[in-house]
Amino acid sequence: MSKDGVAFCLGSTDLNSSTTAATTFLEKMTTVNEIQNKSGIFSFDLLWSEIQTLKPNLVGPFADARLERNPAAKNAGKFMTLAEFLDFAKASNITGILIGIEHATYLIARSLDVVDAVSKALVKSGYDKETCKQRVLIQSEDAPVLAAFKTFPKFQRVLTIEFDISDASKPSVDEILEFANAVKLRRSSAARVNGFFLEGFTNSLVDRLHAGNLHVYVGVLKNEFMNLAFDYWADPLVEIATDTLSVGADGIVTEFPATAASYFRSPCSNYERKDLPFTINPAEPGGLLQLADRNSVPPAPPPAPVLEPQDILQQQLPVCPNDPMFRTFRCRLGPKETPTGKPEYNINMASLDD
């Protein structure tokens, strides 16, 4: 959200991480502990007209290791408002869209209602109509945000769990079902990796979520080899095969959709067909671990916690700068609670057609 209430598409509200904002608006640099544990130039401090003067700055998650994404197109492209994105998507042949909503609690304290902005944009574009063939997934880590979209039964509400878990208690699954019908797990919650060696899967977690009639997605996948466990042989297709065939995920969230599309469209992804000369097999946990020198494997980390209802209502993200790079966390402090302990969002249905 911009300062004047324009909803637009970007991977982070910190413009310093993905635009050229530092060259123009360095005086806007500030620290917002409710969002992240470092300084940034935030979209809600700039007008939309000011944001439009910026250029994208495509760097990638491993720029510190001199592994940049497409340097030739580093500053290419333009920023799209949510309305422009919805029109663009509707005119394409894609099967659906996913809209991630972050920091809604903080934004509403700044008089910026991102839930209302997204709702109005979707209704205006006709995505709430049964005649619209494209699926809509609303993703958030905030239960009140997803609860607000229960008004739209056509939309799938995806709870993103931004910390590692090893299982989910029955009460926590019941709690999720109150406001969501899908869950997005971190990659390290779906597959246990230690020192870049694949050790196993959390099958009981996925099975428990499926038993509660919840769809399970895994993400975010990236193609860079530094993001892949050794058992994937630097091949992102092997990780996709592992997540879908061994983990049992219903879908993946990825920053490289063309790679995922090529896998699912390939006949080699059909693991059960015996007449194919070649199939893309999932990784076998422990296979390389048995061959590795003991000194190359770090001590096993403590087991991840079991998800409980209180974890869902207020997700606390750990600060972990020393974790392996494939376990990148979005580090920040938790949002401030309202006096009731549960932030609330109310969609005024009378205003959605404005």
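To start, this report covers the structure provided alongside it. Keep in mind it's a predicted model, so treat the numbers as computed, not measured. (Residues numbered from 1 in each chain as written. Predicted model: local features only at pLDDT ≥ 70, side-chain atom pairs only at ≥ 80, totals over all residues. Heavy atoms only, no water.)

### Brief notes about helix α10 (residues 257–265)
Right, so step 1: Restricting attention to buried positions, one finds in α10 the residues T259, A260 and Y263. On an axial view of α10, the arc spanned by its buried residues comes to 95°, and they lie on one face. For α10, the exposed residues lying more than 90 degrees away from the buried face are P257, A258 and R265.
Right, so step 2: Elements that come into contact with the buried residues of α10 comprise α9 (236–246) and β11 (251–254). (Buried < 20%, exposed > 50% of the residue type's maximum accessible area, 1.4 Å probe, protein only. Helix = DSSP H or I, 4+ residues; strand = E, 2+ residues; numbered from the N terminus. Arc of directions from axis to C-beta. Contact = heavy atoms within 4.5 Å.)

### Here we look at α9
Right, so step 1: Within α9, eight of the 11 residues are buried, which leaves it mostly tucked inside the rest of the structure.
Right, so step 2: Of all the residues in α9, the buried ones are P236, V238, E239, I240, A241, T242, D243 and T244.
Right, so step 3: Capping of α9 at its N-terminal end is provided by D235; its side-chain oxygen lies 3.0 Å from the backbone amide nitrogen of L237.
Right, so step 4: Looking one or two residues past α9, G248 carries a phi angle of roughly 85°, positive in sign. (Polar contact = N/O pair within 3.5 Å; in protein donor to acceptor, adjacent residues only side chain to side chain.)

### What about the nonpolar core?
Right, so step 1: Core analysis: the largest hydrophobic core is formed by 71 residues, its most contacted members being L122, I138 and F149.
Right, so step 2: Filtering out sequence-adjacent residues up to four positions away, F149 remains in contact with I101, V115, V118, S119, L122, I138, F155 and R157.
Right, so step 3: Core analysis: the second largest hydrophobic core is formed by 10 residues, F8, L15, F25 and F79 among them. (Core = buried A, V, L, I, M, F, W, Y, C linked by side-chain atoms within 4.5 Å.)

### Concerning unusual backbone geometry
Phi is mostly negative for residues that are not glycine, and the peptide bonds are mostly trans.
Right, so step 1: Cis peptide bonds are those with omega within 30 degrees of zero, and the linkage from G219 to V220 qualifies with 15°.
Right, so step 2: Structurally, V220 can be placed in strand β10 (residues 215–221).
Right, so step 3: The backbone of S111 shows a phi angle near 65°, a positive value even though the residue is not glycine.
Right, so step 4: Its place among the elements puts S111 in the loop between α3 (104–109) and α4 (114–124).
Right, so step 5: For S111, a relative accessible area of 68% puts it in the exposed group.
Right, so step 6: Here N213, not a glycine, exhibits a phi torsion of approximately 65°, which is positive.
Right, so step 7: Tracing the sequence through the fold places N213 in the loop between α8 (203–211) and β10.

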